[in-house]
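# Descriptive structure summary
So the chains spell out like this:
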Amino acid sequence: MGLLSDTKNRHKLAELLHNHNSILSTVCYIGGFVAFLLMAHMPFNNSTYFSENALLPGIVDGEFYGGADADSFTKEYISVLKQQKGAVPVDWIHNKLRQFGLDVYEHNYSYVYPLQLSENQVISAKNIYAILRAPKSASTESVVLSTVIRNSDGPLPSNAAGVGLILAMAKFFKKHTYWAKDIIFLMTDHEAIGTQAWLEAYHSTHSKYIHSEDINGRAGSIQAAINIEIESSHIGYFDIRSEGLNGQLPNLDLINLCVRLCEKERMTPKLHHRGDYWNMDSKEGFQHSLKTYLSMMWHQASGSVSGNHGLYHRYGIEAVTLAGVKSRRATSKQGFTPMGRVIEGIFRGLNNLLERFHQSFFFYLLPATHRYVSIGNYMPPFGVMALGLLLKALSLWLNDESKDEVDDQAGGDTNIKKEQKPNPFLNIIPYLIVSQLYGLVAFMIPSFLSTSAKSFSMEISEALTLGIIALWLSCILFPWMFKRKKFLDDETYRNSWILLKCLALLHQALILYGVAVMNISLGFFLAAVLVPVSLLLNPDVNRFLKAVQGMLLLLISPISIIFFASFLHNAIYSTFAFNELIGNSWITMKHSIYWSVTDFHLLGNWLYSYLALAVFPNWLLLWCILWQENRN
């Protein structure tokens, strides 16, 4: 018989957990939290290495000398943009690619924003791509070199240099016959939507809001993709962006390949604009690595793509974005030739692959370009960090069961006692059902709010935010909807809420552990704020302590988390004065909610749905538990 099957052992375990649960839970949370952050320190992480030796980075000397071509194409492209008054020069790009002897195709698509966000206006756009057929294979495999086409009037930095470089690479690659894989040169319009439309057409998938024409030209099965965004003809460093949709990451070997080839060509590789510290084993090195580590986690937790590469991952294609960033220091600038050699080296490495990426890690965090923390290292601290939820739930259940057994023994006939005692589970069903219904309403309410915004002459982002806040405020009264003073005796009341607390804690553990498997960063940040308040929650306290707990619960509600995340983002990444942070954080929150809803429908980012259907109902259960009367 197991430990829990023996009554005596069960009583001992219940007493142990009851007496020491607070200490155990606190130690688990603090220990797991600190250990997770310590993973950024050099002694606790690992040096990167190549699992796939076939990549052979740096074995071949670079042959690209097309810097002058790239510069010429860039200047010509900018001139054509001016002549066409900012319109995308698709015909000019088409003619250039055809002059190189490539198979050139155009891909037409259209899309509408969901939930009437653009009043059902159909937006038409066009991608252009060319295929260099491998002379030594039967077109069974391919790799992609992509960039985005931007007109001169957009808010984002110009990518004219990226277009010029990809044209120069196409011209250079065509001159060589050692390619064993097809190479697709893809230029997409309308940022991520264009990439999503092309991928859907290439893989014959369909979505509700993006309507793509069938593509006329296909290459082999795509193994990898490199997306480039170049701000200028002279850059200071390559910013390597790896985060994909819903926190997916490319195979670590692909990032290692980019890093090694950047260093070989004396191009500085950085992660989120942060280079490596010279002495990583020092205190300052740990602080620097921790900031890089948290910066990656911050971007991954959003579930949004950090570049167009992030949409390839769902199709099993490993991809990264190389963003060439301007440098203010004239001595550190690098021209098109070293940029082209980096890309040449990456594609020659990919050309050597005999199979898809599979040997290296797909789940990792990066504190530096040459250091990584694998899933085998970061999951144990996270598991311990949220372990207190399970310990607390087990303690409540065992302690309640022990009390019931004592009461039954003191009450004489056990069968009669159980028949007369109401089932506590029936008393908590309304709370479980209504909390899930609130989550469903939060998930579906953007559709109603977007159609109502026009009637009230409001911006859709404002209507979405205010409507969600109104729903949140309405649920604050939810605990008083099921008062049962006259229907439940004190003992049944106590058993009911202990059971509800157990279920709420188990539910929170489930949603945290579940999301951490896919997006560890989102799981960590949520656990950091949810777990301690959930463990402290105790409805049997005086009014002052109950009010304090109520304030803490309001601060960890989903809408509060979004606001504080917006505030923190502005405080870290913007130059706003402190007195401007609140107002700008409100604007950032509105835009975050707006784009979360949009990305859910257009691209499949499930952050909003996760918060609405999982985190919000769980928070509502905790809120209900707190505001119950103390009958002990």
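Located above this text is the structure these notes cover.
Just so it is clear, the structure is predicted and the values come from calculations on it, not from any experiment. (Residues numbered from 1 in each chain as written. Predicted model: local features only at pLDDT ≥ 70, side-chain atom pairs only at ≥ 80, totals over all residues. Heavy atoms only, no water.)

## Quick look at empty space enclosed by the protein
- The tally for this structure, following the rule as stated, stands at four cavities of 30 Å³ or more.
- Of the volumes computed, that of the largest cavity is approximately 180 Å³.
- Lining the largest cavity are Ala 442, Ile 468, Leu 471, Trp 472, Pro 558, Ile 559, Ile 562, Ile 593, Tyr 608, Leu 611, Ala 612 and Phe 616.
- Mapped by element, the contributors of at least two residues to the lining of the largest cavity are helix 13 (460–475), helix 17 (558–573) and helix 19 (607–626).
- Residue contributions to the lining of the largest cavity peak at four residues, all from helix 19.
- Its residues assigned to classes, the lining of the largest cavity comprises twelve nonpolar, no polar and no charged. (1 Å grid on protein atoms, 1.4 Å probe; cavity = no way out; pocket = protein on both sides within 12 Å on 5 of 7 lines; lining within 4 Å. Points joined across faces, edges and corners; volume = space filled by probe spheres on them. Helix = DSSP H or I, 4+ residues; strand = E, 2+ residues; numbered from the N terminus. Nonpolar A, V, L, I, M, F, W, Y, C, P; charged D, E, K, R; others polar.)

## Describing a nonpolar patch on the surface
- Together, Leu 536, Phe 544, Leu 545, Val 548, Leu 552, Leu 555 and Phe 564 give the surface a local cluster of nonpolar side chains, amounting to about 660 Å² of exposed area.
- No other element matches helix 16 (residues 543–555), which puts five residues into the nonpolar patch.
- Tracing the chain through its elements places Phe 544 in helix 16.
- Using a relative accessible area of 62% as the deciding quantity, one classes Phe 544 as exposed. (Patch = residues over 30% accessible without salt bridge, like charges linked within 9 Å, V, L, I, M, F, W, Y side chains within 5 Å. Areas by Shrake-Rupley, 256 points an atom, 1.4 Å probe, with all protein chains shown as cover. Salt bridge = Lys/Arg side-chain N within 4 Å of Asp/Glu carboxyl O. Buried < 20%, exposed > 50% of the residue type's maximum accessible area, 1.4 Å probe, protein only.)

## Examining the pattern of salt bridges
- Within the structure shown, the criterion is met by 15 salt bridges.
- Close ionic contact of Arg 241 with Asp 239 constitutes a salt bridge, the shortest N to O distance being 3.1 Å. Each member of the pair, Arg 241 as well as Asp 239, carries the same accessibility label: buried.
- In this structure, Glu 344 engages Arg 348 in a salt bridge whose closest nitrogen and oxygen atoms are separated by 3.5 Å. One end of the pair, Glu 344, and the other, Arg 348, are both in helix 8 (residues 336–351), four residues apart, so they sit about a helical turn from each other.

## A look at helix 6 (residues 252–264)
- Taking 1.5 Å per residue as the helical rise, helix 6 with its 13 residues ought to reach 18 Å, and the 18 Å between its terminal C-alpha atoms agrees with that figure.
- Of all 13 residues in helix 6, ten are buried; the element is thus mostly enclosed.
- Looking at helix 6, one finds that the buried residues are Leu 252, Asp 253, Leu 254, Ile 255, Asn 256, Leu 257, Cys 258, Val 259, Leu 261 and Cys 262.
- Where helix 6 begins, one side-chain oxygen reaches toward the backbone nitrogen of Asp 253, 2.9 Å away; that side chain belongs to Asn 251.
- Looking one or two residues past helix 6, Arg 266 carries a phi angle of roughly 60 degrees, positive in sign. (Expected span 1.5 Å × (residues − 1). Polar contact = N/O pair within 3.5 Å; in protein donor to acceptor, adjacent residues only side chain to side chain.)

## Section: the sheet that holds strand 1 (residues 46–47)
- Ordered by their spatial adjacency, three strands build an open sheet running 1-12-11, and the pairing between neighbours is antiparallel. Each having just a single partner strand, strand 1 and strand 11 (364–368) make up the two edges of the open sheet.
- Strand direction decides the pairing type here: strand 1 and strand 12 (residues 371–374), joined by two bridges, are antiparallel. The partner of Ser 47 across the bridge, within strand 12, is Arg 371.
- Set on the sheet, helix 9 (residues 375–385) makes contact with strand 1, strand 11 and strand 12; between it and strand 12 the angle comes to about 55 degrees. (Pairing = 2+ DSSP bridges. Contact = heavy atoms within 4.5 Å. Axes fitted to C-alpha atoms, helices over the stretch in contact; angles between N-to-C directions.)

## Considerations on the environment of Val 531
- Looking at the element boundaries, Val 531 is found in helix 15 (residues 520–536).
- Given the relative accessible area of 0%, Val 531 is considered buried.
- Considering only alpha carbons, one finds Val 531 and Leu 512, 19 residues apart in sequence, at a separation of 9.6 Å.
- The residues contacting Val 531, other than those within four sequence positions of it, are Tyr 29, Met 385, Ala 386, Leu 389, Gln 508, Leu 512 and Leu 526.

## What to know about unusual backbone geometry
- Even without being glycine, His 190 reaches a positive phi, approximately 60 degrees.
- In this fold, His 190 is placed in the loop between strand 5 (182–189) and helix 5 (191–202).
- A relative accessible area of 27% places His 190 in the partly exposed class.
- Unusually for a residue other than glycine, Ser 204 sits at a positive phi of about 55 degrees.

## Structural notes on the sheet that holds strand 2 (residues 103–111)
- One open sheet accounts for nine strands, arranged 6-2-3-5-4-7-10-8-9; its pairing is mixed. Taken across any chain shown, the strands that pair with only one partner, and hence form the sheet edges, are strand 6 (210–212) and strand 9 (268–270). Neighbour to neighbour, the strand axes of the sheet diverge by 25 degrees on average, direction disregarded.
- Pairing of strand 8 (residues 237–241) with strand 10 (residues 318–325) involves five bridges; the strand directions are antiparallel.

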